Amino acid sequence: MYSEFDVYAYLVSVSDMVFFDDEAEVAVDQMNELLHYIGSYREEDDNLDVLEEVVRRTLFDWIENPDLLGLESDEMQAYILEQLADARQQDTEDHD
């Protein structure tokens, strides 16, 4: 059963991305695209903790590494798939 994850609760606005200065609008578009990928690529057995961990990692990575603004859509999809796999693995290890 799918968790209660609502991507719309996590979407960002330009005011959230002011630290990107002139790139704030691009950052908003990309971050929201990434957040939608989390919702699109989640699996039925992903719990809310796993999905929220991917949101946290994604936001942190984008803030800490502005070079990520150069990623293409397919690279962003691969990034989210990698983060989801890692968070699922961590969740499995935490519950063993």
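In what follows, the structure referred to is the one given above.
Cut-offs used in this document
- Residues numbered from 1 in each chain as written.
- Predicted model: local features only at pLDDT ≥ 70, side-chain atom pairs only at ≥ 80, totals over all residues.
- Heavy atoms only, no water.
- Helix = DSSP H or I, 4+ residues; strand = E, 2+ residues; numbered from the N terminus.
- Polar contact = N/O pair within 3.5 Å; in protein donor to acceptor, adjacent residues only side chain to side chain.
- Axes fitted to C-alpha atoms, helices over the stretch in contact; angles between N-to-C directions.
- Parallel < 35°, antiparallel > 145°, perpendicular 65-115°, else oblique.
- Left-handed = near helix turned anticlockwise from the far one by under 90°.
- Contact = heavy atoms within 4.5 Å.
- Buried < 20%, exposed > 50% of the residue type's maximum accessible area, 1.4 Å probe, protein only.
- Phe/Tyr/Trp six-rings, centres within 6.5 Å; stacked < 30°, edge-to-face > 60°.

Peer 1: Explain the side chain of N32 residue by residue, including any values.
Peer 2: Considering the arrangement of structural elements, one finds N32 in helix α1 (residues 24-41). Reaching out from N32, the side chain makes a polar contact with the backbone nitrogen of V12 at a distance of 2.8 Å.

Peer 1: I'd like a rundown of the packing of α1 against helix α3 (residues 73-94), residues and numbers included.
Peer 2: The interhelical angle for the contact between α1 and α3, taken along N-to-C directions, is 50°, at an axis separation of 9 Å. Classified by the angle between their axes, α1 and α3 sit oblique to one another. Judged by the sense of rotation from one axis to the other, the crossing of α1 with α3 is right-handed. On the side of α1, the interface is formed by Q30, E33, L34, Y37, I38 and Y41, while α3 contributes S73, M76, Q77, Y79, I80, L81, L84 and R88.

Peer 1: I'd like a rundown of the environment of E43, residues and numbers included.
Peer 2: Structurally, E43 is set in the loop between α1 and α2 (48-64). We classify E43 as partly exposed; its relative accessible area is 40%. With 41 residues separating them along the chain, E43 and L84 place their C-alpha atoms 9.4 Å apart.

Peer 1: Now, about the packing of aromatic side chains: what can you tell me, with residues and values included?
Peer 2: Two measures describe an aromatic ring pair: the distance that separates the ring centres and the angle between the ring planes. One pass over the structure, following the stated rule, counts 4 aromatic pairs. Geometrically, the ring pair formed by F5 and Y10 is stacked, given 5.3 Å between the ring centres and 15° between the ring planes. Judged by relative accessible area, Y10 falls into the partly exposed class, the value being 22%.

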